[in-house]
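For reference, the chains in residue letters:
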Amino acid sequence: MKESVIYQDIIQKEAFKLISRQLKRRFGDVEASLVEQVRNLSAEQLEELGEDLLDFSEVADLVAWLE
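Residues numbered from 1 in each chain as written. Predicted model: local features only at pLDDT ≥ 70, side-chain atom pairs only at ≥ 80, totals over all residues. Heavy atoms only, no water.

Asker: What is the right way to look at the overall build of the protein chain in this model?
Answerer: Secondary structure summary: the protein chain contains four helices and zero strands in total. Counted from the first residue to the last, the protein chain has its helices and strands arranged as α-α-α-α. In terms of overall dimensions, the protein chain is globule-like: its C-alpha atoms have a radius of gyration of 12 Å, near the 11 Å expected for 67 residues. Along the longest, intermediate and shortest principal axes, the C-alpha atoms of the protein chain span 40 × 20 × 20 Å. In the protein chain, buried positions account for 27% of the 67 residues. Residue pairs at least 24 apart in sequence account for 64% of intrachain contacts in the protein chain once pairs closer than 6 positions are excluded. When the accessible surface of the protein chain is summed, it comes to about 5000 Å², and 51% of that surface belongs to carbon and sulfur atoms. Computed over 8 positive and 15 negative side-chain charges, the separation of the two mean positions in the protein chain equals 10 Å. (Helix = DSSP H or I, 4+ residues; strand = E, 2+ residues; numbered from the N terminus. Rg over C-alpha atoms; globule rule 2.2 N^0.38 Å. Buried < 20%, exposed > 50% of the residue type's maximum accessible area, 1.4 Å probe, protein only. Contact = heavy atoms within 4.5 Å. Areas by Shrake-Rupley, 256 points an atom, 1.4 Å probe, with all protein chains shown as cover. Lys, Arg positive; Asp, Glu negative; His and termini not counted. Charge placed at Lys NZ, Arg CZ, Asp CG, Glu CD.)

Asker: For this particular structure, what's the right way to read the packing of helix H1 (residues 5-27) against helix H2 (residues 32-39)?
Answerer: Between two packed helices, what matters for the description is the angle formed by their axes and the separation of those axes. Their axes nearest at 10 Å, the elements H1 and H2 cross at an angle of 150 degrees. In this structure, H1 crosses over H2, and the sense of that crossing is right-handed. Taking contact as the criterion, the partners of Gln12, Phe16, Ile19 and Leu23 in H1 are, on H2, Val35, Val38 and Arg39. In terms of residue class, the contact of H1 with H2 is built from five nonpolar, one polar and one charged. (Axes fitted to C-alpha atoms, helices over the stretch in contact; angles between N-to-C directions. Left-handed = near helix turned anticlockwise from the far one by under 90°. Nonpolar A, V, L, I, M, F, W, Y, C, P; charged D, E, K, R; others polar.)

Worth remembering: the numbers are spatial, not functional.
As structure tokens, then:
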């Protein structure tokens, strides 16, 4: 089941929702282009971003991470 495309899609969408809430809480409204870049990350990348986000102090840290 974990290998199914539908399952992976659900995991990715839920991870994105969590990360976007965290970004909004930490930095307020984030530029739409950055949100779109985050939306296009894989579930694994979103998990890594979720951990690294704890060390971010400004939106520029997110920009650097995405590069």
